[in-house]
Amino acid sequence: MEFFLDTADVDEIREIAAWGILDGVTTNPSLIKKSGRDFKTVVAEIAEICSGPISAEVTALDTAGMVEQGKALKADLPDNVIIKIPCTAEGLAATKILTAAGIKTNVTLVFSASQALMAAKAGATYVSPFIGRIDDTGSDGMALIAEIMATWDNYGVTTKVLAASIRHPTHVLACMQLGAHTVTMPTKIFKQLISHPLTDKGLDGFMRDWAEVEAAGNA
Ligand code: G3P
């Protein structure tokens, strides 16, 4: 079970990394835009904060361009950076070539089990089904995770299923129940996963009572 952060905000990544349970980070062109920072600079900084896989996405649409960008990113950035590639026919070919060159990949924008299978056949290290965006269309994103996991079991596929576009904590728990290997989520969801009002209330009570124990000289 791997927990990734889906952000290019280094302050947020530092905050969650300090919890000791952060396994990796995913970025995409929209998240890089939101950071307002230089792409390679911010990915390099993320890769220093978190030693797990850090996804950096190519922006070329043709196979040769994706391979060239992927190799350049690998050459310029720390070792733990992996190459995120869109799930298109051109992306499939690029995944096959980069995998053969020993470069790890994350095939993204996956919206069907057939796309996930094709990416796995190309040797992808990760495939990223976008659960929330499927839910947004009125379909069931979690059903896609179930479908992918079932086909994986039939063939012993080693590509990791990285559930993305996570909207709430129950998405994460449902993914784990279905055996998805990895979930990438915004900082807000990480925080929701650890928070419970009864924990806060219970801790307040313990602290109040302990203050009285100390005041009585019994600590
Ligand atoms: O990593 C990309 C994916 O998680 C996108 O999420 O919220 O833009 O649908 P979202």
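In this text the structure is predicted, and so the values were computed from the model without any measurement.

## Focus: the pairing of strand 1 (residues 2-6)
Counted residue by residue, strand 1 has five buried out of five residues, so it is predominantly covered. Side chains Glu 2, Phe 4 and Asp 6 of strand 1 all project onto a buried face; the interleaved residues Phe 3 and Leu 5 project onto the opposite face, where all are buried too. Pairing of strand 1 with strand 8 (residues 182-185), which is carried by four bridges, proceeds in the parallel orientation. Looking at the pairing, Glu 2 lines up with Thr 182 of strand 8. Taken together, strand 1, helix 1 (residues 10-17) and strand 2 (residues 24-26) form a β-α-β motif whose crossover is right-handed.

## Structural notes on helix 4 (residues 63-76)
An α-helical turn contains 3.6 residues, so a residue and the one three or four places further along point in the same direction. Taking 1.5 Å of rise per residue, the 14 residues of helix 4 would be expected to cover 20 Å, and the 20 Å separating its terminal C-alpha atoms lies within 8% of that figure. The complete set of buried residues in helix 4 reads Thr 63, Gly 65, Met 66, Val 67, Gly 70 and Leu 73. Contacts made by the buried residues of helix 4 are with helix 3 (39-49), strand 3 (54-57), strand 4 (81-86) and helix 5 (89-100).

## Side note on the site of the ligand
Inspection of the region around the ligand gives Asp 6, Asn 28, Lys 84, Phe 130, Arg 133, Ala 164, Ser 165 and Arg 167 as its neighbouring residues. For the ligand, an oxygen atom lies 2.8 Å from a polar atom in the side chain of Arg 167.

## A word on the side chain of Asn 80
When you line up the elements, Asn 80 lands in the loop between helix 4 and strand 4. For Asn 80, a relative accessible area of 15% translates into the label buried. In terms of polar contacts, Asn 80 uses its side chain to reach the backbone carbonyl oxygen of Ser 51, at 3.4 Å.

## Regarding the sheet that holds strand 6 (residues 126-129)
Taken together, eight strands build a closed barrel; the order of strands is 1-2-3-4-5-6-7-8 and the barrel is parallel. Within this sheet the neighbouring strands show an average axis-to-axis angle of 30 degrees, counted without direction. In this sheet, strand 6 lies alongside strand 5 (residues 105-110) in parallel orientation, the contact comprising three bridges. Within strand 6, the residue paired with Val 110 across the bridge is Pro 129. In the packing of helix 6 (residues 113-121) onto the sheet, the strands contacted are strand 5 and strand 6, and the crossing angle to strand 5 comes to about 165 degrees.

Cut-off values and rules
- Residues numbered from 1 in each chain as written.
- Predicted model: local features only at pLDDT ≥ 70, side-chain atom pairs only at ≥ 80, totals over all residues.
- Heavy atoms only, no water.
- Buried < 20%, exposed > 50% of the residue type's maximum accessible area, 1.4 Å probe, protein only.
- Helix = DSSP H or I, 4+ residues; strand = E, 2+ residues; numbered from the N terminus.
- Pairing = 2+ DSSP bridges.
- Right-handed = clockwise from strand over helix to strand, strands pointing away.
- Expected span 1.5 Å × (residues − 1).
- Contact = heavy atoms within 4.5 Å.
- Near = heavy atom within 4 Å.
- Polar contact = N/O pair within 3.5 Å; in protein donor to acceptor, adjacent residues only side chain to side chain.
- Axes fitted to C-alpha atoms, helices over the stretch in contact; angles between N-to-C directions.

Purely geometric numbers; function is a separate question.
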